[in-house]
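Spelled out, the chains give:
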Amino acid sequence: AVSDEVALEPRAICTFRARVLLLETEAWPKDAFDEAWADGVPRGIEPSDADLDGLAVLLPPDGRAAKGAPLTVRALSAEAMPPDAAARFSVLWSLKPSWAMRELGPYLLDIVAPGSSAEALVLQHARCVTASDGSRSYVERK
């Protein structure tokens, strides 16, 4: 029997809509992006920042994290990154000085050597900084 029902994948819809918005404008104020993004997906589907992984980054206005500073959503496609690890990290460090592993991961998936890990690759190009709250971030190794 053939079914006339169609199932939609919410995460794929959110990612697709985010990609379309980022093609229209490369950088958005976070609030405006979130509003346009939510308006562009079917009712009942909630976009999540995780849907931007490998597609865009959230940046403070000056690249430095400041409490309460408005964020910008900036297009950064993992597919468009340089294939060389050093060049890729150079692009990442030029955008902001400190990254969480969760943020870096999507930009490293295609260049991690078999049998290795993203964290091992990051530690070749960065050093780990542990904050007083126990959170870890990675900064450029100089």
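All of these numbers come straight from a predicted model, not from anything done at the bench.

Peer 1: Describe the pairing of strand 6 (residues 136–140), with residues and values.
Peer 2: Pairing of strand 4 (residues 98–99) with strand 6 involves 2 bridges; the strand directions are antiparallel. Counted as the bridge partner of Ser98 is Val139 from strand 6. Pairing between strand 5 (residues 126–130) and strand 6: 5 bridges, direction antiparallel. Each residue of the ladder has a partner; that of Arg127, found in strand 6, is Val139. Linking strand 5 back to strand 6 in an antiparallel pair, the connection comprises 5 residues, with Gly134 at a positive phi of about 90°.

Peer 1: Any chance you could break down the packing of aromatic side chains for me, citing the residues and the numbers?
Peer 2: The tally for this structure, following the rule as stated, stands at 3 aromatic pairs. A centroid spacing of 5.8 Å and a plane angle of 75° characterise the contact between Trp28 and Phe33, whose relative ring orientation is edge-to-face. Each ring, one from Phe89 and one from Trp93, has its centre 5.9 Å from the other, and the planes form 35°; the classification is tilted. Of this pair, Phe89 and Trp93 are both found in helix 3 (residues 85–95), 4 residues apart, which corresponds to roughly one turn of the helix. Just as Phe89 is buried, Trp93 falls in that class too. In this arrangement the basic side chain of Lys96 is found over the ring face of Trp99, its NZ or CZ atom lying 4.7 Å from the centre.

Peer 1: If you had to explain the packing of helix 3 against helix 5 (residues 118–125) to someone new, which residues and values would you point to?
Peer 2: Between helix 3 and helix 5, the least distance of the axes is 11 Å, while the angle of their chain directions is 75°. By the criterion of interaxial angle, the relationship of helix 3 to helix 5 is roughly perpendicular. Packed against helix 3, whose contacting residues are Ala85, Ala86, Phe89 and Trp93, the element helix 5 presents Leu121, Val122 and His125 at the interface. The class makeup of the residues in the contact of helix 3 with helix 5 is 6 nonpolar, 1 polar and no charged.

Peer 1: Summarise helix 3; cite the residues concerned and give the values.
Peer 2: Buried residues of helix 3: Ala85, Arg88, Phe89, Leu92, Trp93 and Leu95, and no others. Along helix 3, the residues classed as buried sweep out an arc of 155° about the axis, all on the same side. Two or three places before Ala86, at the start of helix 3, stands the capping residue Asp84, its side-chain oxygen 3.3 Å from that residue's backbone nitrogen.

Peer 1: Describe the sheet that holds strand 1 (residues 27–29), naming the residues involved and giving the relevant values.
Peer 2: Working definition: the strands of a sheet are paired by backbone hydrogen bonds and lie parallel or antiparallel to each other. With antiparallel pairing, the 3 strands of this open sheet are ordered in space as 1-3-2. Strand pairing shows two members of the sheet lacking a second neighbour, strand 1 and strand 2 (56–59), which therefore form its edges. Strand-to-strand twist across the sheet, computed as the mean angle between neighbouring axes with direction ignored, equals 25°. Alignment of strand 1 against strand 3 (residues 72–75), held across 3 bridges, turns out to be antiparallel. Across the sheet, residue Pro29 finds its bridge partner in strand 3, namely Thr72.

Peer 1: I'd like to hear about the environment of Pro114, residue by residue, with values.
Peer 2: Tracing the chain through its elements places Pro114 in the loop between helix 4 (101–104) and helix 5. The spacing of Pro114 and Leu21 is 93 residues in sequence and 34 Å in space, taken between C-alpha atoms.

Peer 1: Describe the environment of Thr15, and please don't skip the residues or the numbers.
Peer 2: Tracing the chain through its elements places Thr15 in helix 1 (residues 10–24). In this structure Thr15 comes out as partly exposed when scored by relative accessible area, which is 23%. Between the alpha carbons of Thr15 and Arg74 there is a distance of 14 Å; along the sequence they are 59 residues apart. Excluding its chain neighbours within four sequence positions, the residues that come into contact with Thr15 are Asp51 and Leu55.

Rules used throughout
Residues numbered from 1 in each chain as written. Predicted model: local features only at pLDDT ≥ 70, side-chain atom pairs only at ≥ 80, totals over all residues. Heavy atoms only, no water. Pairing = 2+ DSSP bridges. Helix = DSSP H or I, 4+ residues; strand = E, 2+ residues; numbered from the N terminus. Phe/Tyr/Trp six-rings, centres within 6.5 Å; stacked < 30°, edge-to-face > 60°. Buried < 20%, exposed > 50% of the residue type's maximum accessible area, 1.4 Å probe, protein only. Lys NZ or Arg CZ within 6 Å of the ring centre and 35° of its normal. Axes fitted to C-alpha atoms, helices over the stretch in contact; angles between N-to-C directions. Parallel < 35°, antiparallel > 145°, perpendicular 65-115°, else oblique. Contact = heavy atoms within 4.5 Å. Nonpolar A, V, L, I, M, F, W, Y, C, P; charged D, E, K, R; others polar. Arc of directions from axis to C-beta. Polar contact = N/O pair within 3.5 Å; in protein donor to acceptor, adjacent residues only side chain to side chain.

Everything listed is a geometric property; what it means functionally is a separate question.
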